[in-house]
Amino acid sequence: MLENHRLKVLMEVQQQMLLSNFDLKLFMQTICDRMCLLTDADGSTIEMLADDEMVYAAVSGTLQPHLGIRIKKNGSLSGLCVTEKEILYSPDTQQDDRVDKAATMKVGARSMVCVPLFDSSTAVGVLKVISGRSDAFSDRDIETLQLLSLALGSELGKQINYDDKIRILNDYEQLLIQLRAEIEKRKELEIELIQLTERDILTGLLNRRGFSTRIQGWMNRASCQEGSFGVFYLDLNKFKQCNDTYGHEVGDLVLVEFAKRIKQAVRETDLLARVGGDEFLVAAWLQNGYDDLVQVAKRLIGQLESPMLIKELQLPMTTSVGCTLWVEGMKELDLIRVADQAMYLAKTNGTNRVAIKDELVV
């Protein structure tokens, strides 16, 4: 993952700091090179304040030809960064009155970020990354530059003794620990986000997207002769009438109860999804093909033999089930279309009925 790569490079910076014995020139170049690796930058530089000018003291990427150039402090984003002692981001330099537009065009900077470097509490320079694209940098890029500025900025401009070096490294290690923790947190959030996008909020079953993702794997397994499976399309008969009579709150509870009963009719390894208002899909592995297809369908309609007890109401709900066996060459849309058509055949012939393709079975 990108975050793991970012962490690895940051740790390399820490190791380089030790190996350089704080050779300031070498370490500045290391920081500069890593800025291009850790962000979407085309070029990077460390600019040091010299009287009323900003000097490119280290460069990397597309800024390599510009080592040593000087720009006026006043009228530049770098100078403003030093003056205000805060991070400044220009997503589009050609639309930003804070920047020296001629200078940015010369170095190909359509967007850029400046992060101040401090010697004690005095801003003495900036870390800067540029890109030839507008709005190229994210919040994560800016946080990374802050970490790098901490590695370079403390006691900048003078030789530091051993105790000070250890203190900086300890502080930096703590920042890396925090970064690791944030990476883990983001991984967890990504997993939660996937759950939200692939699950039906009301019933907790898969939604159409979640079902589609998993059924592709089932078809691949079946193609490798690992078994056969069937797809079942169900809906609740007269669900709209139930909603109109008792209200949507009762209707939602009916759907939750229906989902619960479907689960009881299949294995935990089978797929269950809510793909419409009162429409559900089930995919189940079968050992005996057609015979098992019928048996699973019968178990599904059997779950509605007893009324649903919802808010002291006894609701005699029924379902219609259409099903089909997967055969080599069938795609997901083919499976669902055939099962859906079979479900309508069952529905037009009564309640708690089952149809397989174009044949009424129960």
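Below, the structure is looked at part by part.

Criteria and cut-off values
Residues numbered from 1 in each chain as written. Predicted model: local features only at pLDDT ≥ 70, side-chain atom pairs only at ≥ 80, totals over all residues. Heavy atoms only, no water. Salt bridge = Lys/Arg side-chain N within 4 Å of Asp/Glu carboxyl O. Buried < 20%, exposed > 50% of the residue type's maximum accessible area, 1.4 Å probe, protein only. Helix = DSSP H or I, 4+ residues; strand = E, 2+ residues; numbered from the N terminus. Core = buried A, V, L, I, M, F, W, Y, C linked by side-chain atoms within 4.5 Å. Contact = heavy atoms within 4.5 Å. Pairing = 2+ DSSP bridges. Axes fitted to C-alpha atoms, helices over the stretch in contact; angles between N-to-C directions.

Brief notes about the pattern of salt bridges
- The tally for this structure, following the rule as stated, stands at 15 salt bridges.
- Salt-bridge contacts for Arg 98 lead to Asp 96; the nearest nitrogen and oxygen are separated by 2.8 Å.
- The class for Arg 98 is partly exposed, based on a relative accessible area of 32%.
- By relative accessible area, Asp 96 is classed as buried at 9%.
- Note that Lys 347 and Asp 235 form a salt bridge whose closest N and O atoms lie 2.9 Å from each other. With Lys 347 in helix 11 (residues 332–347) and Asp 235 in strand 7 (residues 228–236), this pair connects stretches of sequence that are 112 residues apart.
- A relative accessible area of 29% means that Lys 347 is categorised as partly exposed.

Overview of the nonpolar core
- Grouped together as the largest cluster of nonpolar side chains are 34 residues, with contacts concentrated most on Phe 232 and Val 254.
- Broken down by element, the residue count for this core peaks at seven residues, all from helix 9 (residues 248–265).
- In contact with Phe 232, other than residues within four places in its own chain, are Phe 280, Leu 281, Val 282, Ala 284, Leu 293, Val 296, Ala 297, Leu 300, Val 321, Gly 322 and Cys 323.
- Judged by nonpolar contacts, the second largest core, of 21 residues, contains Phe 229, Leu 281, Trp 285 and Met 343.

Concerning the environment of Gly 61
- Looking at where Gly 61 falls in the secondary structure, it is placed in strand 2 (residues 53–61).
- The spatial distance from the C-alpha of Gly 61 to the C-alpha of Gly 43 is 4.2 Å, given a sequence separation of 18 residues.
- Those residues in contact with Gly 61, other than ones at most four positions away along the chain, are Cys 36, Asp 42 and Gly 43.

A word on the sheet that holds strand 5 (residues 111–119)
- The strand order 3-2-1-6-5-4 describes an open sheet built from six strands, whose pairing is antiparallel. Of all the strands in the sheet, just strand 3 (70–72) and strand 4 (88–90) have a single pairing partner and so form its edges. This sheet shows a mean twist of 25° between the axes of neighbouring strands, independent of strand direction.
- Pairing of strand 1 (residues 43–50) with strand 2 involves eight bridges; the strand directions are antiparallel. Across the sheet, Gly 43 pairs through a bridge with Gly 61, a residue of strand 2.

What about the pairing of strand 8 (residues 271–274)?
- Burial along strand 8 is two-sided: the residues Leu 271 and Ala 273 and Leu 272 and Arg 274 are all buried.
- Of the strand pairs in this sheet, strand 8 and strand 9 (residues 279–286) are connected by four bridges, and their pairing is antiparallel. Within strand 9, the residue paired with Leu 271 across the bridge is Ala 283.
- Between the end of strand 8 and the start of strand 9, which pair antiparallel, lie four residues.

Section: the sheet that holds strand 7
- Taken in spatial order, the six strands of this open sheet run 8-9-7-12-13-14, and their pairing is mixed. At either end of the open sheet lies a strand with only one pairing partner, and these are strand 8 and strand 14 (359–360).
- Relative to strand 14, strand 13 (residues 353–356) is paired through two bridges, and the arrangement is antiparallel. Bridge assignment links Ala 355 to a residue of strand 14, and that residue is Leu 360.
- Running over the sheet, helix 10 (residues 290–302) touches strand 7, strand 9, strand 12 (319–325), strand 13 and strand 14 and is turned about 160° from strand 12.

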